[in-house]
Amino acid sequence: MVGMVMQMQAVDVPARVPVPAARPFLQTLGVNLKETFFPDDPFRAVAREDGRCRRAAAALRYLFPCLEWLPSYTLGALRSDLIAGVTVASLAVPQGISYAKLADLPPIMGLYSSFVPALVYAVMGSSRDLAVGTMAVGSLLFAAMLGKEAPPAESPDLYLRLAFTATFFAGVFQTGLGVLRLGFVVDFLSHAAIVGFMGGAATVVCMQQLKGLLGLQHFTTSTDAIAVMRAVFSQTHMWRWQSLVLGCCFLVFLLITRFFSKRRPKFFWVSAAAPLASVIVGSVLVYFIHGQNHGIQVIGNLAKGINPASAKSLILSPPHMMVALKTGIITSLLGLAEGIAVGRSFAMAKNYHVDGNKEMIAFGLMNIIGSCTSCYLTAGPFSRSAVNVNAGCRTAMSNAVMAAAVAVTLLFLTPLFHYTPLVVLSAIIVSAMLGIMDFPAAARLWKVDKVDFCVCLGAYLGVVLGDVEIGLSIAVGISVLRILLFVARPRTTVLGNMPNSTIYRRMDHYTMAQAVPGLLVLHVDSPIYFANASYLRERISRWIDEEEDRIKAAGEESLRCVVLDMGAVGSIDTSGTKLIEDLKRSLDRKSMQIALANPGSEVMKKLDKSKVLLLVGDDWIFQTVAEACDYALLNCKIAGGAAESV
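Just so you know, these numbers come straight off a predicted model, no measurement behind them.

### A look at the side chain of Gln-209
Position of Gln-209 relative to the elements: it lies in the loop between α11 (191-208) and α12 (210-214). Not counting the four nearest positions on each side in its chain, Gln-209 is found in contact with Leu-102, Ser-426, Ile-429 and Val-430.

Right under this line is the structure:
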């Protein structure tokens with residue numbers, strides 16, 4: 001017995017995990033808030049400047065990103081931005097008119113929305129490549145959501161005011177997210193959800209363009225596929241073959257130019273100029289053949305002049321305000337998700353940084369100002385931005401050039417669009433929407449992650465078979481549910497020792513990993529919170545029971561210690577500390593020991609303050625799993641031998 005005690009005292013004790021020094025509450029709170037809301041430390045550029053004037057200049061550069069590139073702007077950059085801006089304007093004019101019709105708004109609003117917001121973004125935007133303007137999905141949402149409250153055919157004035165109000169609320173919401181540094185809210189729209197939702201919206205938009213392609217006068221306001229197909233086939237006697245033939249010809253032309261530009265990137269301008277060329281050719285053709293007399297509908301008169309004020313048209317009181325608020329919030333999130341994703345993708349390709357919160361503020365301000373100047377929702381659509389990049393843009397000045405070109409159109413050229421056939425606008429929309437449907441991305445989701453594919457498919461079917469709100473709800477709901485499952489049901493795995501090493505790896509992954517006799521090594525793969533503490537308590541108990549049953553069946557040495565690898569447990573709350581305490585007491589009743597390996601500083605603080613560290617014992621907290629296993633194995637064997645001697 002004395003020999004056993006002397007041997008126990010001779011065991012080398014590994015270096016212990018220290019408990020971090022206590023910090024004042026306000027200091028800790030400040031650090032946590034900074035890590036949550038300012039992970040990129042946006043003010044470091046201001047803080048490292050010397051002198052008030054230099055710091056003020058740095059602050060202005062942060063608030064107005066255009067001040068970063070304007071001082072060094074060159075004639076070469078201006079030439080590139082002029083070419084890019086004019087090229088994008090050739091796409092923006094017909095596309096803006098088309099998307100305004102999609103939103104059941106006056107076509108001129110599509111041009112208004114490509115003028116003032118583009119100027120705002122040129123000053124406030126942090127992306128060099130983004131080209132702003134109206135977006136197809138946002139236009140569809142406006143028609144679907146606002147149209148229920150005020151049908152455009154019955155209450156056009158109220159519908160127009162609701163569109164301005166929804167744009168205003170979208171801008172306020174986007175600006176608020178940027179100022180409060182809440183950009184992570186947009187991350188709840190996962191890539192899979194966006195792919196499915198955008199694909200479903202594009203499908204619905206294409207189906208709704210059958211109205212223009214077939215020359216129908218009356219059509220359903222519903223967006224689901226069944227209602228649209230019913231509306232199409234219940235009016236077969238109203239189909240206009242002239243309109244259908246003309247629309248198909250222009251659609252084939254647009255698709256051929258897109259295919260050609262993809263195969264020959266140097267000829268990107270062919271695809272970019274194709275919509276404007278279609279409008280010009282279609283207008284000339286309709287004018288000479290008097291197409292409106294043959295069932296081909298035309299746009300009609302467009303008012304000349306730049307954006308009139310619309311601030312007095314905002315509805316900021318019930319009962320109609322709520323539907324505008326709801327529409328604004330939903331469309332603002334979609335606009336942010338698409339615009340920031342597009343901006344960041346081009347920025348990564350060109351090796352510069354796009355500040356997501358700055359982009360939110362820029363989008364918000366251009367929608368707030370736009371709502372007061374007869375514009376509706378604008379964002380950074382991929383189609384315009386891709387044309388802008390391919391045209392060789394150098395800075396956000398290309399947006400200002402595009403705005404100038406649109407302003408010239410508004411002041412002098414709008415009468416030329418009088419004979420533009422609506423079927424051409426439908427063909428332009430269908431062509432653009434076919435580019436939004438990302439079938440390769442959906443196939444990649446199926447190959448890589450079946451759950452993500454289900455999110456994508458659920459969003460797609462929700463939009464196509466229900467409506468855009470249902471599809472968006474399904475997409476966000478499944479994504480949030482998946483997040484909750486990750487948090488509430490963290491993975492726990494058994495670790496084994498790799499032969500001839502001190503490395504421990506998952507036994508279900510590494511077949512050569514070997515279990516340590518008498519020990520159960522468990523790895524917890526997430527923080528321990530109130531949401532998963534009960535699950536982990538039950539799951540760890542089951543691991544212990546299963547290990548005891550296996551040992552009993554195999555006739556091996558009894559289980560003497562449970563080692564918890566807490567390297568992935570980044571934080572823990574009071575429910576988590578209670579879990580460790582309960583587990584310790586439960587193992588004590590079974591004459592087993594618990595050892596904690598690699599706990600982080602936050603975990604050590606909570607364990608120390610809750611007195612659980614005292615209960616477990618400093619001797620059973622280790623820096624590595626290998627140290628925990630070696631110490632636990634040796635001490636448990638000595639204790640067992642001593643007990644047998646007694």
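### Overview of unusual backbone geometry
Between Pro-318 and Pro-319 the backbone carries a cis peptide bond, its omega angle lying at 5 degrees. With respect to the secondary-structure elements, Pro-319 resides in the loop between α15 (268-289) and α16 (321-350). Phi is positive for Ser-374, which is not a glycine, with a value near 60 degrees. Owing to a relative accessible area of 6%, Ser-374 belongs among the buried residues under this scheme.

### Topic: the pattern of salt bridges
The final tally for this structure, using the stated rule, is 13 salt bridges. Glu-547 is the salt-bridge partner of Arg-550, the closest N and O atoms lying 2.8 Å from each other. One end of the pair is Arg-550 and the other is Glu-547, both in helix α24 (residues 530-554) and three residues apart, which spans about a single turn. Exposure remark for Arg-550: the relative accessible area of 36% places this residue in the partly exposed category. Across the pair Lys-584 and Asp-588 runs a salt bridge whose closest N-O atoms are separated by 3.2 Å. Of this pair, Lys-584 and Asp-588 both sit in helix α25 (residues 574-589), four residues apart, roughly one helical turn. Several salt bridges converge on common partners, so that one network encompasses Asp-449, Asp-452 and Arg-482.

### Observations regarding the environment of Val-625
Mapped onto the fold, Val-625 is located in helix α28 (residues 625-645). For Val-625 and Phe-363, which are 262 residues apart along the polypeptide, the C-alpha to C-alpha distance reads 50 Å. Beyond its immediate sequence surroundings of up to four residues, Val-625 is in contact with Tyr-504, Val-521, Asp-565 and Ala-597.

### With respect to helix α10 (residues 156-179)
Every α-helix winds through 3.6 residues per turn, so residues three or four apart in the chain are directed the same way. Look at α10: 35 Å from first C-alpha to last across 24 residues, which is about the 34 Å you get at 1.5 Å a residue. Positive backbone phi, approximately 60 degrees, marks Arg-181, located one or two places after α10.

### Observations concerning α16
The end-to-end C-alpha distance of α16 is 42 Å, a good match for the 44 Å that 30 residues give at a rise of 1.5 Å each. One or two residues past the end of α16 sits Asn-351, with phi positive at roughly 65 degrees.

### Quick look at the pairing of strand β1 (residues 492-497)
Among the six residues in β1, six count as buried, and that is most of the element. What you see with β1 is no split at all: Thr-492, Val-494 and Gly-496 on one side and Thr-493, Leu-495 and Asn-497 on the other are buried throughout. Here β1 pairs with strand β3 (residues 519-524) via three bridges, running antiparallel. The partner of Thr-492 across the bridge, within β3, is Val-524. Looking at chain direction, β1 and strand β2 (residues 504-506) are connected through three bridges and run antiparallel. What sits directly across from Leu-495, in β2, is Arg-506. The antiparallel hairpin formed by β1 and β2 contains six residues in its connecting segment, where Asn-500 sits at a positive phi of about 60 degrees.

What counts, and at which threshold
Residues numbered from 1 in each chain as written. Predicted model: local features only at pLDDT ≥ 70, side-chain atom pairs only at ≥ 80, totals over all residues. Heavy atoms only, no water. Helix = DSSP H or I, 4+ residues; strand = E, 2+ residues; numbered from the N terminus. Contact = heavy atoms within 4.5 Å. Buried < 20%, exposed > 50% of the residue type's maximum accessible area, 1.4 Å probe, protein only. Salt bridge = Lys/Arg side-chain N within 4 Å of Asp/Glu carboxyl O. Expected span 1.5 Å × (residues − 1). Pairing = 2+ DSSP bridges.

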